[in-house]
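Overview (structure and organization)
Chain by chain, the residues:
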Amino acid sequence: MKIFKLLIFGAPLLLAASVTGLRVASAHSFPEQETPSAGQRLSAPPSEVTIKFDAPIEKLFAKLEVLDPDGKPETIGPPQVDPTALTLSVKVADLKPGDYTVKWGVVCIDSHHTEGSYVFTVAGGA
Ligand SMILES: [Cu+2]
């Protein structure tokens, strides 16, 4: 009876452990290098935003948005994934001084989803 109970209550734990183990063991795509980088203060506006990932990403599901201080998209055209499947980039409009939020979402080749956001600043003329 004790063993039976242990099995019942142990199963979800075991499942949780194996899922966690799987997530740790397999490749996940996380940003390795961001251009502009998180928190960076630029004296001149960038023409594009690029994120290099540490593991290949699926072209079909890659999302990259650049939002101005009012939350308005400032990207030009869809984001591009380079042939190595490691770099995601998007062209941006002529950005005025202010804080810009970069929001990204990708799916790695073993289908895990990762996403995040960060802010960079285009400095004012004054
Ligand atoms: Cu993965």
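Residues numbered from 1 in each chain as written. Predicted model: local features only at pLDDT ≥ 70, side-chain atom pairs only at ≥ 80, totals over all residues.

1. So, the confidence of the model for the protein
Mean pLDDT over the protein: 85, with 78% of residues reaching 70 or higher. Scored below 50 in pLDDT, residues 1-25 makes zero contacts in the model with residues more than four places away or belonging to other chains. (pLDDT = per-residue confidence, 0-100. Contact = placed C-beta atoms within 7 Å.)

2. Regarding the sheet that holds strand 7 (residues 98-107)
One open sheet accounts for four strands, arranged 2-8-7-4; its pairing is mixed. The outermost strands of the open sheet, each flanked by one partner alone, are strand 2 (41-42) and strand 4 (63-67). In terms of strand pairing, strand 4 meets strand 7 through five bridges, oriented antiparallel. Directly across from Leu67, in strand 7, lies its bridge partner Thr101. (Pairing = 2+ DSSP bridges. Helix = DSSP H or I, 4+ residues; strand = E, 2+ residues; numbered from the N terminus.)

3. Things to note about the nonpolar core
By size, the foremost hydrophobic cluster in this structure holds 17 residues, and its most contacted members are Ile57, Ala62, Leu64, Leu88, Val102, Trp104 and Val106. Only strand 3 (48-53), strand 4, strand 6 (87-92), strand 7 and strand 8 (113-122) provide two or more residues apiece to this core. In terms of residue count, the dominant contributor to this core is strand 7 (four residues). Apart from the residues within four sequence positions on either side, Val106 is in contact with Ser29, Phe53, Ile57, Phe61, Ala62, Leu88 and Thr114. (Core = buried A, V, L, I, M, F, W, Y, C linked by C-beta atoms within 7 Å. Buried ≥ 20, exposed ≤ 12 C-beta atoms within 10 Å, placed from the backbone.)

4. Some thoughts on the sheet that holds strand 6
Read across the sheet, four strands follow the order 1-3-6-5 without closing on themselves; strand pairing throughout is antiparallel. The sheet is open, and its two edges are formed by strand 1 (31-35) and strand 5 (75-81), each paired on a single side. Between one strand axis and the next, the sheet turns by 10° as a mean value, whatever way the strands run. Note that strand 1 and strand 3 share four bridges and pair antiparallel. Across the sheet, the residue bridging to Pro31 is Phe53, located in strand 3. (Axes fitted to C-alpha atoms, helices over the stretch in contact; angles between N-to-C directions.)

5. With respect to the pairing of strand 8
As defined by bridge partners, strand 2 adjoins strand 8 across two bridges and the pair is classed as parallel. Across the sheet, residue Leu42 finds its bridge partner in strand 8, namely Val122. Here strand 7 runs beside strand 8; their pairing, made up of ten bridges, is antiparallel. Bridge assignment links Val107 to a residue of strand 8, and that residue is His113. What sits between strand 7 and strand 8 in their antiparallel hairpin is a turn of five residues, with Ser111 showing a positive phi close to 75°.

6. Thoughts on unusual backbone geometry
That bond from Thr35 to Pro36 is cis: its omega, -5°, falls within 30 degrees of zero. Of note, Pro36 is situated in the loop between strand 1 and strand 2. Here the phi dihedral of Ala85 falls at roughly 65°; this positive angle occurs in a residue that is not glycine. In this structure, Ala85 sits in the loop between strand 5 and strand 6. The phi torsion at Ser111 lies on the positive side, around 75°, for a residue other than glycine. Residue position: Ser111 is located in the loop between strand 7 and strand 8. C-beta crowding within 10 Å serves as the criterion here: with 9 such atoms nearby, Ser111 is assigned to the exposed category.

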